[in-house]
Amino acid sequence: MTNPYVPLLIMSAAALVLAFGGLGASAILGPTKKSKTKADNYECGIQPTSAHLTEGRFPVRYYLVAMTFIIFDIEVVFMYPWAVSFNQLGLFGLVVMMSFLVTLCVPYAYEWRRGGLDY
């Protein structure tokens, strides 16, 4: 009999090969010459300047706001199964969800206080 973990190891190895293979192929085959067209904005509202050609495409603040949205959006998705089975979970489900919400609100308050939501 074979080990039941062999398919999992094969799938993990294939995922690693595809991930690193894609990164390697894009580094080798991808264009590296910068131009004004490549630095042009794409749905971000920030006009390109000469500084963006040398320093990077967008300020870090843009990425922080995007990551914040994704994190809090994913956290809200975890509340749907709880809402569907609220009656079956009882008091335990309520306590667990309240602790989850407190855990969710702490970084939100921290980011709000630091000005991360002022974009």
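The structure presented is a predicted model; accordingly, all values stated were derived computationally and were not measured.

(A) Here's a closer look at the overall build of the protein chain. On a plain count of helices and strands, the protein chain comes out with six helices and zero strands. Expressed as a percentage of the 119 residues in the protein chain, the buried residues total 13%. Considering only contacts in the protein chain between residues 6 or more positions apart, those separated by 24 or more positions represent 38%. Here the protein chain has roughly 10,200 Å² of accessible surface; of this, 71% comes from carbon and sulfur atoms.

(B) How the structure looks around the environment of Val65. Within the secondary structure layout, Val65 lies in helix H4 (residues 60-77). Sequence-wise, Val65 and Leu117 are 52 residues apart; in three dimensions their C-alpha atoms are separated by 6.8 Å.

(C) A look at H4. In this model, H4 (18 residues) spans 26 Å end to end at C-alpha, consistent with the 26 Å of a helix rising 1.5 Å per residue. Of the residues making up H4, those classed as buried are Thr68, Phe72 and Glu75. In an axial view of H4, the angular spread of the buried residues amounts to 55°, which keeps them on one side of the axis.

(D) The UniProt feature "transmembrane region" (unreviewed entry) in the protein chain, seen in detail. As annotated by UniProt and renumbered to match this structure, "transmembrane region" (unreviewed entry) occupies residues 6-29, 62-83 and 89-110. Across residues 62-83, helical content stands at 95% and strand content at 0%; the span's end C-alpha atoms are separated by 32 Å. Along residues 89-110 one finds 100% helix and 0% strand; the C-alpha atoms at either end are 31 Å apart.

(E) Up close: the packing of H4 against helix H6 (residues 86-114). Contact geometry for H4 and H6: axes closest at 11 Å, N-to-C directions at 165°. One finds that H4 runs roughly antiparallel with respect to H6. Viewed along their axes, H4 and H6 form a crossing whose handedness is left-handed. Together, Leu64, Thr68, Phe72 and Glu75 of H4 and Phe100, Leu104, Pro107, Tyr108 and Glu111 of H6 make up the contact between the two elements.

Calculation notes
Residues numbered from 1 in each chain as written. Predicted model: local features only at pLDDT ≥ 70, side-chain atom pairs only at ≥ 80, totals over all residues. Heavy atoms only, no water. Helix = DSSP H or I, 4+ residues; strand = E, 2+ residues; numbered from the N terminus. Buried < 20%, exposed > 50% of the residue type's maximum accessible area, 1.4 Å probe, protein only. Contact = heavy atoms within 4.5 Å. Areas by Shrake-Rupley, 256 points an atom, 1.4 Å probe, with all protein chains shown as cover. Expected span 1.5 Å × (residues − 1). Arc of directions from axis to C-beta. UniProt positions renumbered as here; feature names shortened; annotations may be inferred. Axes fitted to C-alpha atoms, helices over the stretch in contact; angles between N-to-C directions. Parallel < 35°, antiparallel > 145°, perpendicular 65-115°, else oblique. Left-handed = near helix turned anticlockwise from the far one by under 90°.

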